[in-house]
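# Structural overview for review
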Amino acid sequence: MSADNIEKLYQNYGILADAKDDISKHEKEYLEILAAVKGSDKEKRLASQFIAKFFNSFPNLTDQAIEAQFDLCEDDDVAIRKQAIKDLPLMCKNNKEHTTRIADILAQLLQSEDATEINVVTNSLVNILKNDPKGTLTGLFSQIHQSTDSEVPNEVVRERCIKFLATKVKQLGRDVIDKDAEDLIISEGKKILQDSVAEEFEHIMDLLTWSRLGKTPAGKKEMTQLIAALAFTSGDWHPEDPEYVDRLIQCTQHAIPLFTNQVDSTQFVNIFCDHVLLRWNDIATTGGGTDVKLDILKTFAELTEHCGEIENAQDKINIVYDVLMNYLPEAPVENEEENAVKGEEGENKPEDTKSTTAPSLQFSHVECALFAIHSLCRKAPDALGADTARLKTLRLRLQYTARLTQGYIKKLKEVTQSKKGEDANTEENKLKIAALKTTSNINTLIRDIFRTPPSFKSKVHLSFQTKKVEKEITSSDTEDKDKSSSGSKRHRPITFDNGEQKEAPEKRARSGDRNLKMYTPPSGKYSSRLNTTGRFSGPNSGRGRGKREFWNRGTPFRKRY
């Protein structure tokens, strides 16, 4: 019986193929092909091909044909499903009014657990996307919203649809994605951002950045506002909860590349000053080899590069000042240093009095906090000197810090400049080069603060901005060699006249260099400890089923530095 049915299918195919302009008169034969989707496996495979081939010739049977093909896409046999999925694009090649419907079905089929089937679905989606970009995108976005708005949300479909968009749209480029399609991507992308989890946020941000929204100052400004709304809500900020801190850091890191001279970061600087740095001691610090506070300071330092005019600048600079003071060591009392030197030289002194260990200094923290206050003071040059007592205290600590950093710089230069060939490219040497850049930055920034009045004109590139580090270090090394070879005078140690007798420069250098350990900047991947307890979403999500968890699967963002 099956053989007869297959023979009948071939006969119907021949009749339709030979009918040419009169094909519409052979509706009976096409209906028999549609009925074959209930037949044997071979009948189903043939029916799939024949339905798609003659689909355009029977507009009155459009709905029946599409439903028949959809039945095959849900067949128990994976080979039949793949055949039907592969044939789907033919049904909307010359009938774009069906693209959205077919794209919607293909989107649902992305939830398959068979990798080969997913590849076929992806290829079919790419085919219809090339043929009708806007129609395909409409179907995909519709399914993304349906997958989460329904009573039983399908997170797999949503996740895979977003991932498909993030990868394939950019691959196809503007040769395929026209203005109408791009407008749809922008409008729908904004909606998804308001209620996204971490991985979705990354994908949509990549897509929006690729679009023209990420190419104009107005568009970048709009994107930063969207990110700010997701990153922070003033009435819902809990620095003691790691997930709140993680969300703020990672969202802000995606905003940083958008800031330029035309797009300022003032909104984010205000958030960090008024809510994050102000509650510095409340911020959650957890294990796992990650220094959350350093990540905050790195992020904040980058933000201040493009800060515009800020209200209450004095208050904000005072807040940053307080954070900076947490990482600057107090200068030792003069006679204590002299006793330490004597103890070091004495032969019969106990072991613990023979030397005084230099304080452990978190140079990366100091660099970021010092860079931030230096950047903000450009907007209000008189703010730092408004309180002479605070400025004097700061300078005393910076003077001592400068002596320590000069000792590190000397050692680091000796080590890094001695490395040649493959040794110069080792990870260890790269870390030392970064440490050299960190300490050099600190010295440059300190010198500005010691000018009278304090000046904030020096430009430095943060050491963790890796693309700039090598260029700056190479330039710095070249300058040092030129100065050395030309016989120029040595830099005078940074000093601060506080009314007491000063040490000789040689004595200061000795006490500053004593017992220094090689500094290595912090490293390690961020957010390795993310969990699934918190719930975060944009303020406009308003879904009846509740908010979606921003960190729903513990997937961290890519780290920028």
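Counting of residues starts from 1 at the beginning of each chain's written sequence and follows it residue by residue. For this predicted model, a pLDDT threshold of at least 70 governs which residues receive local features, and a threshold of 80 or more governs which side-chain atom pairs are given and counted, while totals over whole chains, interfaces and linings are taken from all residues. The side-chain values count all of the structure's non-hydrogen atoms but skip hydrogen atoms and water molecules.

### Quick word on the overall build of the protein
Numbered from the N terminus, helices here are DSSP runs of H or I no shorter than four residues, and strands are runs of E no shorter than two. Looking only at helices and strands, the protein features 22 helices and 0 strands. Counting only residues that meet the buried cut, the protein has 50% of its 561 residues in that class. Two residues qualify as a contact provided that any one of their heavy atoms is within 4.5 Å of a heavy atom in the partner residue. Excluding contacts between residues fewer than 6 apart, the proportion of contacts in the protein whose partners are at least 24 apart in sequence is 75%. To be clear on the numbers: accessible area is Shrake-Rupley with a 1.4 Å probe, and residue cover counts the displayed protein chains and nothing else. Per element, the accessible surface of the protein, about 27300 Å² overall, is 46% carbon and sulfur. Accessible area is worked out with a 1.4 Å probe on protein chains only. A residue is then buried under 20% of its type maximum, exposed over 50%, and partly exposed in between.

### Overview of the packing of helix α2 (residues 27–35) against helix α4 (residues 62–73)
Running from N to C, α2 and α4 cross one another at 25°; their axes reach a closest spacing of 10 Å. When the interaxial angle is binned, α2 and α4 end up roughly parallel. Of the two possible hands of crossing, α2 and α4 adopt the one that is left-handed. In this structure, α2 uses Y30, L31 and L34 to contact α4, whose residues at the interface are Q64, A65 and A68. Under this grouping Gly is polar, as are all residues other than the nonpolar Ala, Val, Leu, Ile, Met, Phe, Trp, Tyr, Cys and Pro and the charged Asp, Glu, Lys and Arg. When grouped by side-chain class, the residues that make up the contact of α2 with α4 number 5 nonpolar, 1 polar and no charged. Interaxial angles span 0 to 180 degrees and are taken between N-to-C directions of axes, which are lines fitted to C-alpha atoms, for helices over the stretch in contact. Any angle that is under 35 degrees is reported as roughly parallel, and any over 145 degrees as roughly antiparallel; angles of 65 to 115 degrees are reported as roughly perpendicular and all others as oblique. Helix crossings are classified by the rotation of the near helix relative to the far one: an anticlockwise turn of less than a right angle makes the crossing left-handed, while a clockwise turn makes it right-handed.

### Remarks on the packing of aromatic side chains
A pair of aromatic rings is counted whenever rings of Phe, Tyr or Trp (Trp by its six-membered ring) have centres within 6.5 Å, and the orientation is called stacked for planes under 30 degrees apart, edge-to-face for over 60 and tilted otherwise. Counted according to the given criterion, the structure contains 8 aromatic pairs. Clustering of aromatic rings is evident, with ring pairs tying together Y10, Y13, F50 and F54. When the NZ atom of lysine or the CZ atom of arginine is within 6 Å of a ring's centre and also within 35 degrees of its normal, the charge is said to sit over that ring. The ring of F54 carries the charged tip of K53 above its face, separated from the ring centre by 6.0 Å. Above the face of the F450 ring, R395 is positioned so that its terminal group lies 5.8 Å from the ring centre.

### Digging into the side chain of T122
By the element assignment, T122 lies in helix α7 (residues 115–131). Residues within four places of T122 in sequence aside, it is in contact with L110, F164 and K168.

### Describing the side chain of Q465
One can find Q465 in the loop between α20 (427–449) and α21 (466–485). Residue class for Q465 comes out buried when judged on its relative accessible area of 12%. A distance of 3.1 Å separates polar atoms of two side chains, one belonging to Q465 and the other to E305. Not counting residues within four places of it along the chain, the set of residues in contact with Q465 comprises E302 and E305. Residues adjacent in sequence count toward polar contacts only when both atoms are side-chain atoms; beyond that, a polar contact is any pair of N or O atoms within 3.5 Å, and within protein one must be able to donate a hydrogen and the other to accept it.

### Structural notes on helix α12 (residues 217–231)
The end-to-end C-alpha separation of α12 is 21 Å, in line with the 21 Å expected for 15 residues at 1.5 Å each. Residues of α12 that are buried include every one of G219, K220, M223, T224, L226, I227, A228, L230 and A231, and no others. In this structure, the buried side of α12 is in contact with α10 (179–193), α11 (198–210), α13 (242–255) and α14 (266–276). Multiplying 1.5 Å by the residue count of a helix minus one yields the expected span of that helix.

### Remarks on the pattern of salt bridges
Should a side-chain nitrogen of Lys or Arg be within 4 Å of a carboxyl oxygen of Asp or Glu, the pair is scored as a salt bridge. Under the definition given, this model contains 22 salt bridges. For K38, the salt bridge goes to D71, with nearest N and O atoms at 3.8 Å. Within this pair, whereas K38 is found in the loop between α2 and α3 (41–53), its partner D71 is found in helix α4, the two being separated by 33 residues in sequence. As a salt-bridge pair, E117 and R81 come within 2.9 Å of each other at their nearest N and O atoms. Here the residue E117 occupies a position in helix α7, and R81 occupies one in helix α5 (residues 78–87), the gap between them amounting to 36 residues. The structure contains a network of salt bridges with shared partners spanning R174, K179, E182, D183 and R212.

### Examining the state of the cysteines
Any two cysteine sulfur atoms within 2.5 Å of one another count as a disulfide. Considering all chains together, one arrives at 0 disulfides under this definition. Between C273, a cysteine without a disulfide, and C307, which holds the nearest cysteine sulfur, the sulfur-to-sulfur distance is 7.8 Å.

### Some details on helix α15 (residues 292–304)
Helix length check: α15, at 13 residues, gives a terminal C-alpha distance of 19 Å against a target of 18 Å (1.5 Å per residue), a fit within 8%. A large share of α15 lies buried, amounting to 13 of its 13 residues. Put simply, D291 is the residue that caps the front of α15, since its side-chain oxygen is 3.2 Å from the backbone nitrogen of K293.

### Quick look at the packing of α14 against helix α16 (residues 313–325)
A packed helix pair is summarised by two numbers, namely the angle formed by the two axes and the spacing between the axes. At a minimum axis distance of 10 Å, the contact between α14 and α16 shows a crossing angle of 60°. Taken together, the axes of α14 and α16 lie oblique to each other. In the crossing of α14 with α16, the sense of the turn from one axis to the other is left-handed. Here α14 contributes N270, C273 and D274 to the contact with α16, which in turn contributes K316, I319 and V320.

### Some words on the environment of I33
Mapping I33 onto the fold places it in helix α2. Assessed through its relative accessible area of 0%, I33 is described here as buried. C-alpha separation for the pair I33 and Y13, spaced 20 residues apart in sequence, amounts to 8.4 Å. Beyond its immediate stretch of four places on either side in the chain, I33 contacts L9, N12, L16, A47, F50 and I51.

### Some details on the confidence of the model for the protein
Note: predicted coordinates in regions of low pLDDT should not be interpreted at a detailed level. The quantity known as pLDDT measures the predictor's confidence residue by residue, on a range of 0 to 100. In this model, the protein carries a mean pLDDT of 81, and residues with pLDDT of at least 70 account for 76%. In this model residues 468–491 is a low-confidence stretch, pLDDT under 50, and it forms 17 contacts with partners more than four residues away in sequence or in other chains. Residue range residues 523–547 is modelled with pLDDT below 50. Its contacts to residues more than four positions away, or to other chains, number 74 contacts.

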